[in-house]
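Structure at a glance
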Amino acid sequence: MTLKTIYMPSYLVTGAEGQLGQCFRSVSEEFPNHQIFFANRKLVDINIPETIKKFYNTHPFNGIINCAAYTKVDQAEKEYSKVNQINSKGVENLKMFAEEKKLSLVHFSTDYVFDGTNSIPYQEDSKPKPINIYGESKYKGEQLLKHANCLNATFRISWLFSPFGNNFVKTILKLSQNNDTIKVVNNQWGRPTYGIDLARTILTHISEPYFFDYQCYHYASQGATTWFDFAIRIISLKNRVCEIKPCSIEKYHAVAKRPLYSVLDTERIEKHFSLDLSSWQIALENNLYRMQSL
């Protein structure tokens, strides 16, 4: 009698110490049928191809989930070379390795590939027109993967938040501890994305044959909002005594331009993956609850 070998797909998560990488790590135990390797920049630097090869030789994997990225939107305006090195050249290195080894590749992009002049949600086929260096670098990464000779999918996400790393929710909570009032932009619209839900969705479906039917998906929690209303909800749920005052994006004087309206249409992934996406309000409650246990 011979025992049947159980196939267990394996994946490398790059950028494991970043916000999104930590989201994948936090839910990985929910997926015992996947073998997942987490590599920080010291182990795998996507700008040094030799580190990718070295890791693969000791820990072979079937696919890559690329969470490595340069995400400092304002600083990117001053570090053009660095942001493009990571968000464009680094993606090209992963693409070339995936092609060579016949691996699948999952990548993440941003709503900032759009200029924000739409009045209706952006679909996957809407024409990108980034208005800042960060958005431009992410769009270059998308373009590289469009012509890749390997299974690949890019997930455009927006306003990412989670219990990990630096994000808007944690910033508002920190500011509300030491300030009576906070000014928050009230004329920039988007859809917050809960990183835990995103990681769960990808690990649930990544081994299914339909996962790579499309090269691009939009993913975000349900419901459009402004940073102002998002902040009010955060303060309310935590019962903080702090006044949130509206401020236009023009008066905020950010270094990088932001799209005024970058709401993503998620109908494609909802239908294709049979998803019932949580509202951003419920996702925020889940996030705050999860933060308490850390």
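Because the structure is a prediction, the values reported are computed rather than measured.

Looking at the overall build of the chain
The number of helices and strands found in the chain is 11 helices and 12 strands. Projected onto its principal axes, the C-alpha positions of the chain cover 70 × 40 × 35 Å. When burial is assessed residue by residue, the chain has 53% of its 294 residues classed as buried. Across the chain, every contact between residues at least 6 apart in sequence was considered, and the portion connecting residues at least 24 apart equals 83%. If you sum the accessible surface of the chain, you get close to 14,700 Å²; carbon and sulfur atoms cover 50% of it. For the chain, the distance from the average site of its 34 positive side-chain charges to the average site of its 29 negative ones is 5 Å.

Examining unusual backbone geometry
You will see that lysine 102, though not glycine, has its phi angle at about 60°, which is positive. The residue lysine 102 is located in the loop between helix H4 (80-101) and strand E4 (104-110) in this model. Phi angles above zero are rare outside glycine, and serine 274 is one such case at about 55°. Along the chain, serine 274 turns up in the loop between helix H10 (267-272) and helix H11 (280-292). Taking the relative accessible area as the measure of exposure, serine 274 reaches 65% and is therefore exposed.

Details of the sheet that holds E4
Taken in spatial order, the six strands line up as E2-E1-E3-E4-E5-E10 in an open sheet, and their pairing is parallel. If you trace the sheet from one side to the other, it starts and ends with strand E2 (35-39) and strand E10 (216-218), each paired once. Taking each pair of neighbouring strands and ignoring which way they run, the sheet shows an average axis angle of 20°. Inspection of the sheet shows E4 paired to strand E5 (residues 152-157) by six bridges, in the parallel sense.

A word on the pairing of E4
Counting buried residues along E4, seven of its seven residues qualify, which places the element largely inside the surrounding structure. Side-chain alternation along E4 places Ser104, Val106, Phe108 and Thr110 on one buried face and Leu105, His107 and Ser109 on a second face that is also buried. The pairing of strand E3 (residues 63-66) with E4 spans three bridges and is classified as parallel. By the bridge assignment, isoleucine 65 is partnered in E4 with valine 106. Crossover connection from E4 via helix H5 (residues 133-146) to parallel E5: handedness right-handed.

Looking at the packing of helix H1 (residues 19-27) against helix H7 (residues 195-205)
Contact geometry of H1 with H7 gives a least axis separation of 8 Å together with a crossing angle of 60°. Crossing handedness for the pair H1 and H7: right-handed. Residues Leu20, Cys23, Phe24, Ser26 and Val27 of H1 touch H7, and the partners they reach there are Gly195, Ile196, Leu198, Ala199, Arg200, Ile202 and Leu203. For the contact of H1 with H7, a count of residues per class yields nine nonpolar, two polar and one charged.

Some thoughts on the environment of cysteine 67
Looking at the element boundaries, cysteine 67 is found in the loop between E3 and helix H3 (73-76). Judged by its relative accessible area of 11%, cysteine 67 falls in the buried class. As a C-alpha pair, cysteine 67 and leucine 237 span 170 residues in sequence and 29 Å in three-dimensional space. Setting aside residues no more than four positions away along its own chain, cysteine 67 makes contact with Val13, Thr14, Gly15, Leu20, Gly21, Phe24 and Phe108.

Some details on the nonpolar core
In this structure, Phe24, Ile65, Phe108 and Phe155 are the most contacted members of the largest nonpolar core, which totals 55 residues. It is helix H8 (residues 227-237) that contributes the most residues to this core, six residues altogether. Apart from the residues within four sequence positions on either side, phenylalanine 108 is in contact with Leu20, Phe24, Ile65, Asn66, Cys67, Lys138, Phe155, Leu198 and Ile202. Membership of the second largest hydrophobic core comes to 29 residues, among which are Ile52, Phe55, Phe61 and Ile133.

As for H5
An ideal rise of 1.5 Å per residue puts 20 Å on 14 residues; H5 measures up with 20 Å between its terminal C-alpha atoms. Among all positions in H5, only Ile133, Tyr134, Gly135, Ser137, Lys138, Gly141, Glu142 and Leu145 are buried. On the buried face of H5, the contacting elements are H3, H4, E4 and E5.

Quick word on the pattern of salt bridges
Opposite charge on two side chains makes pairing possible when the charged atoms of those side chains draw close. Per the stated rule, a full pass over the model turns up 12 salt bridges. Between lysine 89 and glutamate 92 there is a salt bridge whose closest N-O contact spans 3.5 Å. Taken together, the residues span about one helical turn, with lysine 89 and glutamate 92 both in helix H4 at a distance of three residues. Under the relative-accessibility criterion, lysine 89 is labelled partly exposed at 35%.

Concerning the environment of lysine 140
Inspection of the secondary structure puts lysine 140 in helix H5. Taking C-alpha positions, lysine 140 is 8.9 Å from lysine 89, a pair spaced 51 residues apart along the chain. Sequence-distant contacts of lysine 140, that is, excluding residues within four places in its chain, are made with Tyr80, Asn84 and Ser88.

Calculation notes
- Residues numbered from 1 in each chain as written.
- Predicted model: local features only at pLDDT ≥ 70, side-chain atom pairs only at ≥ 80, totals over all residues.
- Heavy atoms only, no water.
- Helix = DSSP H or I, 4+ residues; strand = E, 2+ residues; numbered from the N terminus.
- Buried < 20%, exposed > 50% of the residue type's maximum accessible area, 1.4 Å probe, protein only.
- Contact = heavy atoms within 4.5 Å.
- Areas by Shrake-Rupley, 256 points an atom, 1.4 Å probe, with all protein chains shown as cover.
- Lys, Arg positive; Asp, Glu negative; His and termini not counted.
- Charge placed at Lys NZ, Arg CZ, Asp CG, Glu CD.
- Pairing = 2+ DSSP bridges.
- Axes fitted to C-alpha atoms, helices over the stretch in contact; angles between N-to-C directions.
- Right-handed = clockwise from strand over helix to strand, strands pointing away.
- Left-handed = near helix turned anticlockwise from the far one by under 90°.
- Nonpolar A, V, L, I, M, F, W, Y, C, P; charged D, E, K, R; others polar.
- Core = buried A, V, L, I, M, F, W, Y, C linked by side-chain atoms within 4.5 Å.
- Expected span 1.5 Å × (residues − 1).
- Salt bridge = Lys/Arg side-chain N within 4 Å of Asp/Glu carboxyl O.

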